[in-house]
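Now for the letters of each chain:
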Amino acid sequence: MDYGTIQGIITIVVMFTFIGIFAWAYSSRRKDQFDEAANLVFSEDELNKGSGEHK
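Residues numbered from 1 in each chain as written. Predicted model: local features only at pLDDT ≥ 70, side-chain atom pairs only at ≥ 80, totals over all residues. Heavy atoms only, no water.

Turning our attention to the overall build of the chain. Each helix and strand in the chain was counted, giving three helices and zero strands. Within the chain, the proportion of its 55 residues that are buried is 2%. When the accessible surface of the chain is summed, it comes to about 5,300 Å², and 65% of that surface belongs to carbon and sulfur atoms. (Helix = DSSP H or I, 4+ residues; strand = E, 2+ residues; numbered from the N terminus. Buried < 20%, exposed > 50% of the residue type's maximum accessible area, 1.4 Å probe, protein only. Areas by Shrake-Rupley, 256 points an atom, 1.4 Å probe, with all protein chains shown as cover.)

This next bit is on the pattern of salt bridges. For the coordinates displayed, the defined rule picks out one salt bridge. A salt bridge links lysine 31 to aspartate 35, with the nearest nitrogen and oxygen atoms 2.9 Å apart. Residue lysine 31 and its partner aspartate 35 are both found in helix α2 (residues 31-38); the two are separated by four residues, about one turn of the helix. The exposure class of lysine 31 is partly exposed, given its relative accessible area of 47%. For aspartate 35, a relative accessible area of 35% gives the class partly exposed. (Salt bridge = Lys/Arg side-chain N within 4 Å of Asp/Glu carboxyl O.)

This part covers the UniProt feature "transmembrane region" (unreviewed entry) in the chain. If you check UniProt for "transmembrane region" (unreviewed entry), the listed places come out as residues 6-26 in our numbering. As annotated, residues 6-26 comprises 95% helix and 0% strand, and the C-alpha atoms at either end are separated by 30 Å. (UniProt positions renumbered as here; feature names shortened; annotations may be inferred.)

With that out of the way, let us pick up the packing of aromatic side chains. Enumeration according to the criterion identifies three aromatic pairs in this entry. Geometrically, the ring pair formed by phenylalanine 22 and tyrosine 26 is tilted, given 4.8 Å between the ring centres and 40° between the ring planes. Using a relative accessible area of 64% as the deciding quantity, one classes tyrosine 26 as exposed. Between tryptophan 24 and phenylalanine 34, the aromatic rings sit 5.3 Å apart at their centres with planes inclined by 85°, giving edge-to-face as the arrangement. Of this pair, tryptophan 24 sits in helix α1 (residues 3-25) while phenylalanine 34 sits in helix α2, and the two are 10 residues apart along the sequence. Taking the relative accessible area as the measure of exposure, phenylalanine 34 reaches 31% and is therefore partly exposed. Members of the aromatic cluster, each reached through a chain of ring pairs, are Phe18, Phe22 and Tyr26. In this arrangement the basic side chain of arginine 30 is found over the ring face of phenylalanine 34, its NZ or CZ atom lying 5.4 Å from the centre. (Phe/Tyr/Trp six-rings, centres within 6.5 Å; stacked < 30°, edge-to-face > 60°. Lys NZ or Arg CZ within 6 Å of the ring centre and 35° of its normal.)

So this is what it looks like as structure tokens:
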């Protein structure tokens with residue numbers, strides 16, 4: 001195998017990895033989990049305000 005062939009194989013592997021991550025991130029099955037994770041920051045603030053703790 002020459003250098004060009006290796007570069008082509010690596011390019012294809014990286015492309016499929018990118019497509020896989022993209023499909024995983026925008027999957028409708030994961031939307032609820034991502035929405036919950038996005039709101040974790042706000043729920044911690046609410047818990048700290050309610051318990052009287054200050055950082």
